[in-house]
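Coordinates in review
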Amino acid sequence: VLRSGLGGPSRRLRDPAGARCAATTRDPRSADQSRARTEWFASTMNSPHNLVPRAAPTASTSSAAVTAFVAVRPLLLRAPSVIAAWKEPRRPAGCSRRTPATTQRMSSLGKKPARLPDNAPGVLYVNDHCINCAACSNFAPAVFGRDAADRFHVVRTQPGDVAAGAGSEDDAALVFKHARQALAACPVAAIRLEARGPAADRNAVAKLVVRPPPRGENSAAPATPPFPRPFLDDPALSVLWTGSHSSATFGATPYLALGRHRGADVWVMVDTPAFTPAAVAAVEAVTGPKGPAYHVLTHVDDTAGHGRWAKHFTGASGGGCRRVIHRAETVAPHNWVGDETLATDVEIHVGTVEETELPPASLRAYTLDGDPVPDLDAWDADPAAGDFLLLHTPGHSPGSLTLYRRPRGAGGDDGIIFTGDTYVYSTLNGGAMSGMPQYGHDRRTQAETLRRLLQLRQGVWDWRIVAPGHGHPRDYRGRPAGDRAAEMEGALEELELYGRFRR
């Protein structure tokens, strides 16, 4: 399944001259049908946001393919021999040492990058290593967007062209700043700069480059770091994008959030940035050398690098950064990444291994320190309770957590939920909220989880902002009350379709 894509077309290789070498045919169906099915399967592996198949495989085949992939994924990650066999299939005699086209399509990072043809002409471009994490279109929507075939993100308009139509010099500078943030956040470095060209292009490069060049080469290069950036560009929210999305978490979006806890203001990091000097500088620019007080790991998929962050802040006065994860994410088979330190080294475990289902009503809740909160009304009435609450939101994974921060603004309408992969935004087909049903553990449970999130009582528990683990945020402040329910309805229907159940 992995090599040929749903048992797709014949596995063929090319010799250095480009002549085809015969290979055993794996699928007796027509080449056109096999090719369509292979492209569909490759697209589902290439991005968690490609949630609607573009080809037309049958429902039973789609379900079988996803089930097969989920079943073998732990083996691929844990067995080097299996990985080697996947990457280096046996070749017919006389064929060159090349990767089959279907494998290249499913793992585009294994080939030389090429500029995507739908990029606007100019210095900034996206290559075909793009994994559709949507970070670029989130940070610079005026510059980046989906290509015409809805397969990749590309540069739709060059920053210089956008800046030319800006109303002021400050607005023009902001265009380049946002494009530079997109370049810095890309987890696979698929956003590139064409350094050669006329003087205008060189000037654009100087405004976009993230790392300043060696001294004396180009003094116009911006030296200020691109991150952190205020979430939704609203400093009053006291939430920040950290940038430095990690390829190991498929470009998941990390955040820093400020709130009251135990009578003091504390910073909480949600999910894990790539551990790089730029990311460390961005975090410490806000939190200081101590780092955030807590690091919430919403689920096992987005934990890569958590140990390096913990080690960095170990020994800082005040105890450093305390990691938090649900206990169900730390054990097999749900700990599919095989990271034993999630069970042995993480400082705070909430819930139990057996708590993988929803309670009869509402959602289980915990403090940042892992203490259960059985009475939410009492928690609301306690002035020392603080602003943060961890909600157990199973479905995508058994121990998925959603961090809730209660409203802090004067209007009382800025409650935020940091949802991890439980509730995300897909940029496919114009954009929609989604539960990522292709990758869910229990779609029926996840659908019920989303309904309970929507039903959290008004007032203290009201949330108007979604900070998802993937895709773009959603801000419902000032919008009709029914918009949240309408957008969630689409995600529920999608979960039903893939899970084959009815409410």
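Everything below is about the structure printed above this text.
Since the structure is predicted, the reported quantities are computational estimates derived from the model, not experimental observations. (Residues numbered from 1 in each chain as written. Predicted model: local features only at pLDDT ≥ 70, side-chain atom pairs only at ≥ 80, totals over all residues. Heavy atoms only, no water.)

Quick look at helix α10 (residues 306-313) now. Of all the residues in α10, the buried ones are His 306, Trp 309, Ala 310 and Phe 313. All buried residues of α10 fall inside an arc of 100° around its axis, so they share one side. Across from the buried face of α10, at angles greater than 90 degrees, the exposed residues are Arg 308 and Lys 311. The elements touched by buried residues of α10 are β10 (264-270), α9 (277-287), β11 (294-296), β12 (322-326) and α11 (341-344). (Buried < 20%, exposed > 50% of the residue type's maximum accessible area, 1.4 Å probe, protein only. Helix = DSSP H or I, 4+ residues; strand = E, 2+ residues; numbered from the N terminus. Arc of directions from axis to C-beta. Contact = heavy atoms within 4.5 Å.)

For the structure on display, the rule yields 18 salt bridges. For Glu 355, the salt bridge is made with Arg 364, and the minimal N-O distance between the two is 3.8 Å. The salt bridge involving Arg 452 is made with Glu 448; its shortest N-O contact spans 3.0 Å. Taken together, the residues Arg 452 and Glu 448, both in helix α13 (residues 443-454) and four residues apart, mark about one turn of the helix. A relative accessible area of 11% means that Arg 452 is categorised as buried. Residues participating in the shared-partner salt-bridge network are Arg 474, Arg 479, Asp 483 and Glu 487. (Salt bridge = Lys/Arg side-chain N within 4 Å of Asp/Glu carboxyl O.)

What follows concerns empty space enclosed by the protein. Evaluation of the coordinates by the stated rule reveals two cavities of 30 Å³ or more. In this model, the largest cavity occupies a volume close to 100 Å³. Along the wall of the largest cavity there are 15 residues; nearest its centre are Cys 130, Cys 133, Cys 136, Cys 186 and Ile 191. (1 Å grid on protein atoms, 1.4 Å probe; cavity = no way out; pocket = protein on both sides within 12 Å on 5 of 7 lines; lining within 4 Å. Points joined across faces, edges and corners; volume = space filled by probe spheres on them.)

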